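# Remarks on the overall topology
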Amino acid sequence: MARPSTSASASSTWLPHWEPEDSTFWESEGKSRAWTTLILTTAALTMAFITWFLVSALVVRLPQIGFQFTGSQLFWLAAMPGLAGGTLRLIHMFLVPIYGSRHVISLSTLSLLIPLVGWFYAVQNPDTPYWVLMLLAFLAGLGGGNFSSFMPSTSMFFPKRMQGTALAIQAGVGNFGVSVVQFVTPWVIGFALLGGMAWMGEPQTMTRAGVESQIYLQNAPLVMIPFVAVFGITAWIFLKSVPIKSNFRDQFDIFKSGHTWAQTSLYMMTFGGFAGLAATFPLLIREVYGSFDGAPDPLAWAFYGPLVGSASRVIAGPLSDKLGGARVTHWAGLGMLLSAFLVTLTVTPTSLDSFWLFVSAMLALFFFAGVGNASTFKQMPMLFAPRQGGGVIGFTAAIAAYGPFVFGMLFAWSFASSGSAAPVFYGLIVFFAFNVVLNWVLYARKNAPYPC
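Residues numbered from 1 in each chain as written. Predicted model: local features only at pLDDT ≥ 70, side-chain atom pairs only at ≥ 80, totals over all residues. Heavy atoms only, no water.

Glancing now at the overall build of the chain. A count of helices and strands for the chain gives 20 helices and two strands. Reported as C-alpha extents along the three principal axes, the dimensions of the chain are approximately 65 × 55 × 35 Å. Just so you have it, the chain exposes about 16,900 Å², and 68% of that area is on carbon and sulfur atoms. The positive charge centre, built from 21 side chains, and the negative charge centre, built from 15, are 13 Å apart in the chain. (Helix = DSSP H or I, 4+ residues; strand = E, 2+ residues; numbered from the N terminus. Areas by Shrake-Rupley, 256 points an atom, 1.4 Å probe, with all protein chains shown as cover. Lys, Arg positive; Asp, Glu negative; His and termini not counted. Charge placed at Lys NZ, Arg CZ, Asp CG, Glu CD.)

So, on to unusual backbone geometry. At Asn447, a residue that is not glycine, the phi angle is positive and equals roughly 65°. Tracing the backbone shows Asn447 in the segment after α20 (422-444). Residue classification places Asn447 among the exposed positions, given a relative accessible area of 68%. (Buried < 20%, exposed > 50% of the residue type's maximum accessible area, 1.4 Å probe, protein only.)

Moving on to helix α5 (residues 101-110). Most of α5 sits out of view: seven of its ten residues are buried. For α5, the complete set of buried residues consists of Ser101, Arg102, Val104, Ile105, Ser106, Ser108 and Thr109. Tucked inside the fold, the buried residues of α5 contact α1 (23-52), α3 (71-92), α4 (96-99), α6 (113-122), α9 (147-157) and α12 (225-238). (Contact = heavy atoms within 4.5 Å.)

Moving on to the side chain of Thr13. Tracing the sequence through the fold places Thr13 in the segment before α1. For Thr13, a relative accessible area of 6% puts it in the buried group. Within the local environment of Thr13, its side chain forms a polar contact with the side chain of Arg102, the two groups lying 3.1 Å apart. Look past the residues within four positions of Thr13 in its chain and what remains in contact with it is Tyr99, Arg102, His103, Lys240 and Ser241. (Polar contact = N/O pair within 3.5 Å; in protein donor to acceptor, adjacent residues only side chain to side chain.)

Since the α-helix packs 3.6 residues into each turn, any two residues three or four apart lie on the same face. The largest bend in helix α13 (residues 258-289) amounts to roughly 50° and is located at Phe281, with the proline Pro282 lying one to four residues further along. Summarising burial for α13: 28 of the 32 residues are buried, a large majority. N-cap assignment for α13: the residue whose side-chain oxygen lies 3.1 Å from the backbone N of His259 is Ser257. (Bend = angle between axes of the 7 residues up to and from the residue.)

Counted by the stated rule, this structure contains 45 aromatic pairs. Ring geometry for Phe49 versus Phe53: centroids 6.4 Å apart, planes at 5°, classification stacked. The class of Phe49 is buried, set by a relative accessible area of 0%. For Phe53, a relative accessible area of 1% corresponds to the buried category. If you follow Arg102 out to its NZ or CZ, it ends over the ring of Trp236, 4.0 Å from the centre. Just above the ring of Phe377 sits the side chain of Arg313; from NZ or CZ to the centre is 5.1 Å. (Phe/Tyr/Trp six-rings, centres within 6.5 Å; stacked < 30°, edge-to-face > 60°. Lys NZ or Arg CZ within 6 Å of the ring centre and 35° of its normal.)

This part takes up the packing of helix α16 (residues 325-344) against α20. In a pair of packed helices, the angle between the axes and the distance between the axes together describe the arrangement. At a closest axis distance of 9 Å, the pairing of α16 and α20 adopts a crossing angle of 165°. For the element pair α16 / α20, the angle class is roughly antiparallel. The hand of the α16/α20 crossing is left-handed. Residues Ala326, Arg327, Thr329, His330, Gly333, Leu334, Met336, Leu337, Ala340, Phe341, Val343 and Thr344 of α16 pack against Phe425, Tyr426, Ile429, Phe432, Ala433, Val436, Asn439, Trp440, Tyr443 and Ala444 of α20. (Axes fitted to C-alpha atoms, helices over the stretch in contact; angles between N-to-C directions. Parallel < 35°, antiparallel > 145°, perpendicular 65-115°, else oblique. Left-handed = near helix turned anticlockwise from the far one by under 90°.)

The next point concerns the environment of Ala279. Along the chain, the position of Ala279 falls in helix α13. For Ala279, a relative accessible area of 4% gives the class buried. Non-local contacts of Ala279, meaning those with residues more than four positions away in its chain, are made with Phe53, Ser56, Ala78 and Pro404.

Turning our eyes to something else, we now look at the pattern of salt bridges. In total, this model carries four salt bridges according to the counting rule given. Of the charged contacts, one joins Arg286 and Glu287 as a salt bridge, the two residues approaching to 3.0 Å between their closest N and O atoms. Since its relative accessible area comes to 31%, Glu287 is described here as partly exposed. (Salt bridge = Lys/Arg side-chain N within 4 Å of Asp/Glu carboxyl O.)

So, on to the nonpolar core. Nonpolar side chains in soluble globular proteins generally cluster together in the buried interior. Of all hydrophobic cores here, the largest spans 104 residues; its most connected members are Leu62, Leu77, Phe358, Phe411 and Phe425. Looking at which element gives the most residues to this core, the answer is α13, with 15 residues. Apart from residues lying up to four places away in sequence, Leu62 is in contact with Phe67, Phe69, Leu77, Val123, Leu133 and Leu217. By size, the runner-up hydrophobic cluster in this structure holds 16 residues, among which are Trp18, Phe25, Val104 and Val242. (Core = buried A, V, L, I, M, F, W, Y, C linked by side-chain atoms within 4.5 Å.)

Next up, the structure:
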């Protein structure tokens, strides 16, 4: 039986009382705890995204250090964290009302140590079986799963008028983890950490453009391990849980609402597009422009996409609180549609001359996806009660987390069947147009039946 009350007996885990909509309570004690919780959980969520997208930064280097994989196999490796992330989010969406923020966030953060330690050892041996790397890629999806418990938790801590801003800050800063891992990896693998201690492994020989160099690919997961451990332990010590409780069965009531499915489609457009393109952007650069003389290093460019999308998500949160989520989602969807069209003009190049247009169009696509990520998360809490709103946020995030898997499979199919990424972007244009119309009819137009 559901227990939607906001009071409970005091314990080491559960807060005795929580009423963020009460202005007196909010100013006297709610505000400080909510913002402290946001800071701690956002730090942990950033490490979750770093772990989730670690594979996207590693796969482009594997062929250069002796791993003998085809392009299709590499896209499969990049896709597996998305498959796991989406599946695990379907579990995470139910956890916070059952076990509370403290247990869920701290233990799920510490679970990230499993794939990080695994990748640390696996990349040091080019004879590591492909199935082992596939398993480790799937386990990296533990980081993706966390989102669907972290975000519902945050939505419960803040009043509705501030949820657009709070959720945008947490998700946007967390999304920066994608850029961090893709930016840090090329830098940190270039030297021995702590003087090259024996237990840290030997360097690998990388061959690129006929030039050999020594790299330490294992450094990429290694530098993340202490941060994950510290943030997980800190969460256990300092976090409390909001006393909004419900069992597994009762939380299924969100699926009776048509808004759940409409918002899922919108978030698949925005975050599904962001996550899917972020996971495949390095390989996309490699496949489209890697055959030309003087081809760009994928990791030198790929991190800009999620960086732009993460920043725009943070900025769009307060904007959505001010203007309304639906209106912002409308313009974000139109921007994504136009950007995807521009990308189609650049993915069958005859030289490097179109590379700058390709990157510019992709960055625009990431920018508008980030804006839409924030605005859709403003819409959901406005359409549902707090517990249901948290559940819808968790579910939509779960489905959208399949983005890396879906995009990985689509690009693998597209390159295998046509030798081009263009069919994927043509399909995205149709999908984006559908969602723009859906959002306009239900939520954004004048006299819309459900303005939000």
